[in-house]
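A closer look at the structure
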Amino acid sequence: MTRLITLMFLIMLAAPMFATQPAANEEVADTTTFVPGRFVSLAAAPDGSVYLLARDQRVVKIDKDGRQTEIALPQINGKPVEFSDMVVRDGQLLFCGFPYADIYALDLRKSSVYKVIKTGSDAKNLLNLAVKGDGLCVRDADYNLFSLVEGKPATHLDKNAELESDAEGRTVVIPSPAQMGDKILSAGRVMKDDGRLFWVAPAPESPKQIMSIDFLGTDAADRYIFRVVAASGELDTEYTLHAVVRGRSVASMQIPGPEGLEMQHYFRLAPDGSILLVQADSLGREGIRLKRLQLKDGEFIAAPAAQG
């Protein structure tokens, strides 16, 4: 009887301690930044700020400390803009969009008038944009890829080349997934732009197979960052980040997929080497959660961010 009373007394003392712990799904446990709205793309600047292109054609800037401000986008030819992608370069936001054959640059210090950048190509219906060395890389709706340097004719790139580039402006080539039986699968091979083999993505556990690979670019330590998508059906898709050095994966991490998002880019490599990752809001609000992952000591970790 004495032992039973003692046990009950210890449980009574412990109960308040357990009651004060927040539930795992409460917002207090979430260290990502909440941004209200529906978004198309994201881009990052060297000062640590992040820019989100909204579907209602405004831009939301998130400072490194989490403060959010809006940038209204000027019209084009008296009509609201219809941009699909965006990058940051030299203090400017650069945009492309399906209705346009040109790139539009907006100076962040005087965001009232666009500078028009001619692509110098026959590309139309532009969808995606990336910085490529001293120039740009643009992809159209037919998946044609062009390297652009202002004032020079555009260079048509291999259709299997990736949009993003390394620090020297060179990209990688990932052969298109091919029909294998009743599935369209990737061989998991990544080639350099001169045709040499660069990396073979690790095979997932059976019965999953590699569906696709995306190149995010290189970080400050010259590690090549890839996202690998693997699945065996529609309900078991997994998304994995890999950091690759000299053809070998030195770190990997599974990340959430784009469920609930309608974005051209829901992940992107920032100039500081961190990886920006967007997720749908876990609380069901109209908005997104922005997370920043950092590769440290061979592991991807989530860096602290402002509370939403």
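Model, not experiment: these values are computed from the prediction. (Residues numbered from 1 in each chain as written. Predicted model: local features only at pLDDT ≥ 70, side-chain atom pairs only at ≥ 80, totals over all residues. Heavy atoms only, no water.)

**Some words on the packing of aromatic side chains**
Tallied over the full model, the rule gives 12 aromatic pairs. Ring centres of Phe 83 and Tyr 104 lie 6.1 Å apart, and the angle between their planes is 40 degrees; on these two criteria the pair is classed as tilted. Of this pair, Phe 83 sits in the loop between strand E5 (68-72) and strand E6 (85-89) while Tyr 104 sits in strand E8 (residues 102-107), and the two are 21 residues apart along the sequence. Plain terms: the ring middles of Tyr 104 and Tyr 114 are 5.7 Å apart, the flat faces sit at 75 degrees to each other, and that makes the pair edge-to-face. Separated by 10 residues along the polypeptide, Tyr 104 in strand E8 and Tyr 114 in strand E9 (residues 114-118) bring together distant segments of the chain. Its relative accessible area of 10% is what places Tyr 104 among the buried residues. Looking at Tyr 114, the relative accessible area reads 13%, which means it is buried. We note Arg 285 situated over the ring of Phe 34; from NZ or CZ to the ring centre the distance is 3.9 Å. (Phe/Tyr/Trp six-rings, centres within 6.5 Å; stacked < 30°, edge-to-face > 60°. Helix = DSSP H or I, 4+ residues; strand = E, 2+ residues; numbered from the N terminus. Buried < 20%, exposed > 50% of the residue type's maximum accessible area, 1.4 Å probe, protein only. Lys NZ or Arg CZ within 6 Å of the ring centre and 35° of its normal.)

**As for the confidence of the model for the chain**
Across the chain, pLDDT averages 85, with 88% of residues at or above 70. Averaged over each element, pLDDT in the chain is lowest for helix H1 (residues 2-19) (35) and highest for strand E3 (residues 50-54) (97). (pLDDT = per-residue confidence, 0-100.)

**Digging into the environment of Met 86**
For Met 86, the position within the fold is in strand E6. Sequence separation of Met 86 and Leu 127 is 41 residues, and the distance between their C-alpha atoms is 9.7 Å. Contacts of Met 86, omitting those with residues within four sequence positions, involve Ser 41, Leu 42, Ala 43, Tyr 51, Leu 52, Leu 53, Val 59, Leu 93, Leu 94, Phe 95 and Arg 268. (Contact = heavy atoms within 4.5 Å.)

**A closer look at the pattern of salt bridges**
Per the stated rule, a full pass over the model turns up 18 salt bridges. With a shortest N-O distance of 2.9 Å, Glu 262 and Arg 38 are connected by a salt bridge. Taken together, the positions of Glu 262 in the loop between strand E22 (248-255) and strand E23 (267-269) and Arg 38 in the loop between strand E1 (33-36) and strand E2 (39-44) put the pair 224 residues apart, joining distant regions of the chain. What makes Glu 262 partly exposed here is its relative accessible area of 49%. Between Glu 150 and Lys 115 there is a salt bridge, with the nearest N and O atoms lying 3.2 Å from each other. Residue Glu 150 is found in the loop between strand E12 (145-148) and strand E13 (155-156), and its partner Lys 115 is found in strand E9; the two are separated by 35 residues along the sequence. Residues joined in a network through salt bridges with shared partners are Arg 38, Arg 55 and Glu 262. (Salt bridge = Lys/Arg side-chain N within 4 Å of Asp/Glu carboxyl O.)

**Examining the nonpolar core**
If you look at the biggest cluster of nonpolar residues, it comprises 32 residues, and the most contacted ones within it are Phe 39, Leu 42, Tyr 266, Ile 275, Val 278, Ile 288 and Leu 290. In contact with Leu 42, not counting residues within four places along its chain, are Val 50, Tyr 51, Leu 52, Met 86, Met 263, His 265, Tyr 266, Phe 267, Arg 268, Leu 276, Val 278 and Leu 290. Membership of the second largest hydrophobic core comes to 19 residues, among which are Val 40, Ile 71, Ile 76 and Met 86. (Core = buried A, V, L, I, M, F, W, Y, C linked by side-chain atoms within 4.5 Å.)

**Considerations on the side chain of Ser 147**
For Ser 147, the position within the fold is in strand E12. Excluding residues that lie within four positions of it along the chain, Ser 147 makes contacts with Lys 132, Leu 136, Ala 154, Thr 155 and Leu 157.

**Things to note about the pairing of strand E21 (residues 238-245)**
In terms of burial, E21 is largely enclosed, as 7 of its 8 residues are buried. Pairing between strand E20 (residues 224-231) and E21: 7 bridges, direction antiparallel. When the bridges of E21 are listed, Val 228 appears paired with Thr 240. Linking two consecutive strands that pair antiparallel, namely E20 and E21, is a turn of 6 residues. Connecting the antiparallel pair E21 and E22 is a turn made up of 2 residues, with Arg 246 showing a positive phi of about 50 degrees. (Pairing = 2+ DSSP bridges.)

**Brief notes about the side chain of Glu 238**
Examined against the element boundaries, Glu 238 turns out to sit in strand E21. Beyond its immediate sequence surroundings of up to four residues, Glu 238 is in contact with Pro 204, Lys 208, Val 228, Val 229, Ala 230 and Gln 254.

**Section: the sheet that holds strand E7 (residues 92-96)**
Reading across the sheet, the 4 strands line up as E6-E7-E8-E9 and stay open at both edges, with antiparallel pairing between neighbours. Either end of the sheet is taken by a strand with one partner, and the two such strands are E6 and E9. Across the sheet, the mean angle separating the axes of adjacent strands is 25 degrees when strand polarity is ignored. Strand direction decides the pairing type here: E6 and E7, joined by 5 bridges, are antiparallel. Pairing of Met 86 across the sheet is with Phe 95, part of E7. (Axes fitted to C-alpha atoms, helices over the stretch in contact; angles between N-to-C directions.)

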